[in-house]
Amino acid sequence: MPPSAAAGTEDGKVLVRKILREVLVGREDPEGFFAMCVSVLGHQETRSQFMSLIQPLSSANSTLHSALTSIYKEYFSQTEDDELELALALSLLEMKDHNSQESRPQQPGDRLNQRRFVQLTSVSTPQASSLRKENTNSAQSGPWVKMSPPHTTKETELQKSTHVETPGTKNVCVSTPSGSFSKQDTVEKHDQMIDEGDLNQSDKPKRSKNRRQRRKGTGQHVVGLPVSPSATPPVLLWFRRDLRLGDNPALIGSLEVGAPVIPVFIWSPEEEEGPGVTVAMGGACKYWLHQALSCFSSSLERIGSHLVYLKANGASLRTLKELVKETGARTVLTNALYEPWLKERDDVVVSALQKDGVECRVFHSYCLRDPYSVSTEGVGLRGIGSVSHFMSCCRQNPGSASGVPLEPPVSLPTPAHWPQGVSLDTLDLARMPRRKDGTTIDWAANIRKSWDFSEEGACARLEAFLNDGVYRYEKESGRADAPNTSCLSPYLHFGQISPRWLLWDAKGARCRSPKFQRKLAWRDLAYWQLMLFPDLPWESLRPPYKALRWSSNRHHLKAWQRGRTGYPLVDAAMRQLWLTGWMNNYMRHVVASFLIAYLYLPWQEGYRWFQDTLVDADVAIDAMMWQNGGMSGLDHWNFVMHPVDAALTCDPCGSYVRKWCPELADLPDELIHKPWKCPASMLRRAGVVLGQTYPERIVTDLEERRSRSLQDVAHVRKEFGQYVDKRTGCDLVPLPPRLLSETLGLSHRDGGVVTEGKQFLLPVITRMEFKHQLEDPDADAASNPYNAVLKGYVSRKRDETIAFLNERDFTASVMYEGVQRKERLESDYRRMEGLPRPPAPRGRARRTPTAKDRFSVVPGGAVASLR
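Residues numbered from 1 in each chain as written. Predicted model: local features only at pLDDT ≥ 70, side-chain atom pairs only at ≥ 80, totals over all residues. Heavy atoms only, no water.

Digging into the side chain of Arg542
- Within the secondary structure, Arg542 is located in the loop between helix 20 (514-532) and helix 21 (554-562).
- Side-chain polar atoms of Arg542 contact the backbone oxygen of Leu634, separated by 3.2 Å.
- Dropping the residues within four chain positions of it, Arg542 is found in contact with Met631, Ser632, Gly633, Leu634, Asp635, His636, Asp731, Val733, Val764, Ile765 and Thr766. (Helix = DSSP H or I, 4+ residues; strand = E, 2+ residues; numbered from the N terminus. Polar contact = N/O pair within 3.5 Å; in protein donor to acceptor, adjacent residues only side chain to side chain. Contact = heavy atoms within 4.5 Å.)

Focus: the packing of helix 17 (residues 455-476) against helix 20
- For the pair helix 17 and helix 20, interaxial distance at closest approach is 8 Å and the crossing angle is 95°. Here helix 17 lies roughly perpendicular to helix 20, going by the angle between them. Where helix 17 approaches helix 20, its residues Phe465, Tyr473 and Glu474 are matched on the opposing element by Pro514, Lys515, Phe516 and Lys519.
- When grouped by side-chain class, the residues that make up the contact of helix 17 with helix 20 number four nonpolar, no polar and three charged. (Axes fitted to C-alpha atoms, helices over the stretch in contact; angles between N-to-C directions. Parallel < 35°, antiparallel > 145°, perpendicular 65-115°, else oblique. Nonpolar A, V, L, I, M, F, W, Y, C, P; charged D, E, K, R; others polar.)

Considering the pattern of salt bridges
- All chains considered together, the criterion is met by 29 salt bridges.
- The residue Asp356 makes a salt bridge to Lys321 at a minimum N-O spacing of 3.8 Å. Linking Asp356 in the loop between helix 14 (340-355) and strand 9 (359-363) with Lys321 in helix 13 (residues 316-327), this pair joins segments that are 35 residues apart in sequence.
- When its relative accessible area of 36% is taken as the criterion, Lys321 is described as partly exposed.
- Of the charged contacts, one joins Arg658 and Asp669 as a salt bridge, the two residues approaching to 2.9 Å between their closest N and O atoms. Of this pair, Arg658 sits in helix 27 (residues 655-660) while Asp669 sits in the loop between helix 27 and helix 28 (680-686); the two residues are 11 residues apart in sequence, bridging distant segments of the chain.
- Here Arg658 falls in the partly exposed class, since its relative accessible area comes to 23%.
- A relative accessible area of 12% means that Asp669 is categorised as buried.
- It is possible to trace a salt-bridge network through shared partners that takes in Arg240, Glu271, Arg345 and Asp346. (Salt bridge = Lys/Arg side-chain N within 4 Å of Asp/Glu carboxyl O. Buried < 20%, exposed > 50% of the residue type's maximum accessible area, 1.4 Å probe, protein only.)

Quick notes on the packing of helix 3 (residues 43-53) against helix 5 (residues 62-75)
- Axis separation between helix 3 and helix 5 bottoms out at 11 Å; the angle between their running directions is 145°. Here helix 3 and helix 5 pass one another in a crossing that is left-handed. Residues His43, Thr46, Arg47, Phe50 and Met51 of helix 3 pack against Leu68, Thr69, Tyr72 and Tyr75 of helix 5.
- Of the residues that constitute the contact of helix 3 with helix 5, the class distribution is five nonpolar, three polar and one charged. (Left-handed = near helix turned anticlockwise from the far one by under 90°.)

A look at the nonpolar core
- Of all hydrophobic cores here, the largest spans 162 residues; its most connected members are Leu293, Trp560, Met587 and Phe594.
- For Met587, the contacting residues outside a window of four places in its chain are Ala480, Leu569, Ala573, Cys650 and Tyr656. (Core = buried A, V, L, I, M, F, W, Y, C linked by side-chain atoms within 4.5 Å.)

Notes on a nonpolar patch on the surface
- On the surface, a nonpolar cluster with roughly 350 Å² of combined accessible area is contributed by Tyr829, Met832 and Leu835.
- Note on placement: Met832 falls in helix 34 (residues 810-833).
- The class for Met832 is exposed, based on a relative accessible area of 67%. (Patch = residues over 30% accessible without salt bridge, like charges linked within 9 Å, V, L, I, M, F, W, Y side chains within 5 Å. Areas by Shrake-Rupley, 256 points an atom, 1.4 Å probe, with all protein chains shown as cover.)

Brief notes about helix 29 (residues 702-719)
- Taking 1.5 Å per residue, 18 residues should reach 26 Å; helix 29 reaches 26 Å between its end C-alpha atoms and fits that length.
- Within helix 29, burial applies to Leu702, Arg705, Arg706, Ser707, Ser709, Leu710, Gln711, Asp712, Val713, Ala714, Val716 and Arg717.
- Buried residues along helix 29 sit against helix 23 (585-598), strand 10 (640-641), helix 32 (768-773) and strand 13 (789-790). (Expected span 1.5 Å × (residues − 1).)

Focus on the sheet that holds strand 5 (residues 235-239)
- Read across the open sheet, the five strands follow the order 7-6-5-8-9; overall the sheet is parallel. Of all the strands in the sheet, just strand 7 (308-311) and strand 9 have a single pairing partner and so form its edges. Taking each pair of neighbouring strands and ignoring which way they run, the sheet shows an average axis angle of 25°.
- Both strand 5 and strand 6 (residues 261-267) contribute to a ladder of five bridges, which runs parallel. When the bridges of strand 6 are listed, Leu236 appears paired with Ile262.
- Against the sheet, helix 10 (residues 249-256) engages strand 5, strand 6, strand 8 (331-335) and strand 9, with an angle of about 155° to strand 8.
- In the packing of helix 12 (residues 283-302) onto the sheet, the strands contacted are strand 5, strand 6 and strand 7, and the crossing angle to strand 6 comes to about 170°. (Pairing = 2+ DSSP bridges.)

Here it is, written out as structure tokens:
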């Protein structure tokens, strides 16, 4: 055979092996693959080489091997006339492709043998950190820049090739004589679209029932067969908090290696639970993890694989080394975690494995922005701790583009021999305590009833929220009596849905709530703060606040934990937490304010209880929020939730309290949040006995206790004057080493050097109430003009009254709508013309309506009508 012919044959074999991956994952049928072999290799080479090419399938996929063998034997048993007819058809097809650079849309009459004649047209390998510009919207400057999902018309999709692009994986482009197809767009659908004739290019694509289907033209479709079918060492795919198939970079990266994949989960309690009193993995979190692992293993089984559970004997590194030795793996892939102790653990693992000759790759996916890549360069440190400052840092110093979410694989190549694992129950994640009589205390029964722990459950929650709750989220997310929040936090924490997928779907929804998308920025900010301050879960960042006179009343703490404080709103929230492992963000603020501002209990107690009882317990987020609520974080809450009046915002009709405190269900709306004010006859009719059926209040003098809390803060700030900026009155916080080295222009690895010198102090956001109180530390809270107690949404009754009057008076309704329309038009005109906003009327707006405001007084019968 001439050298050129031999080279051509080898190239053909390479192409055949690559297209064989399409067959293995179901993107091409065996008949089409065989027809391609005849087209690429020729009749004689196919006869002599085909069986050797598919030989590796005899052990990896015996069913497919048998099907291909049957097709081979049937084809070569045909008569010479049949062979001549098929060869002529192949020659005509190849001549057409050679004469035209671009494939034209095939006419309906030209579809003979369409499914057989598939040609591999291009194969390219991108770098692991890059995606196509069309898919990543590379003009954006970071994850917080506005991004719109690409819209591709059907006609345009027909003229494109389907690109298979994932970070670190090969790109495969498959074309047919009439256009292109992917695993979703089959040839039959392709034919149907051609038959429809001209498509209206101006029509916007309809909103799909399943939002995932909107990404058909942009998603990445992955292939799971080795580049060479020969036996290769397996890949260890180390799962941690990334228990999903969709948009999982490590999972997709494992397919690029071209080897069998062994998914493993290693449980090491000493590492996962964190140092000291971190409580990174509380009881509720462990129970969720147990259920999530079970669901995820089922998902892997559906694509031909399964999850191997291992319990580490000490460090994860030792277990990984033993696993590498047992399986012969030469590659370990995983997704990054950003808690400082886990990041340090992962760095040690990567270094040790690489020294042993094992390639170890870590992918970024847990946050939208890698916290270790965020820089304050060009933004400065002013306002640090606020989400606005963090988003400015991301925009000013953009990292790699967030890109398009990755589609899940349809199969995983499996090894010939699986390592020996343990059962899921052996990990003791869902172990229940036992009574003395041997019976089990099933404390998680209500949690099981309240949640679907699977990746599909996460997608269903997101879909339901974007179809309904998102429309009320912007203004009504604080409502505890209505499902206006997404409830996606536990799925995000355990990686059952990626933040990129959530952001993409949120931006693609009809109602794009900026407030909802901003929550992901808060999440990234929390991990950035934990990276800067590794002791965030237990050490107050503002030194003076360590000296506050915290209470040590264990009775108060126990009553708060069990929902028996005597304040219905607080009790309902804490009972919901105990029974379901969750409460919405507004209620978390309510119970935190009560613990800190009214019970004087340290924020660390609240943090530890949340970590143990929340199914979405997240060290970074909980530590940041409890520090801010405890007045010692980088940011100060500019509010304190009143345990009674806050109900005007979150539970105005008492529905939430009735659900979780059923003993109060028969009290009227006006008094259900303050049963101590009910007449004895009303309590008797409702079956409520304070102190028996419902607890008495553990504290009664709320205003006095609030004033004392404020005075304590003023005294410690005065005592530690060196930590208060004399010019602005802001608190000063020691600058962390990483920010200090960054400010001085040093590399991060030199951060330890700069800490040996003088301590640098950084002014941080401080509540105006505290600044004013410093002038007169003994003044009460009521006299402070910046009193931060939030009395609830004081204008809710006013808005309801307006709605009532508009319903009664059509003229008033029309005038009201006309004024609103005029204001919107004027606002839109000024925005388009680049004009400033009109000045707000001075001397007319009041923060709290007075008795003279007619909208503050509900007319007779209005309340009964609105209920």
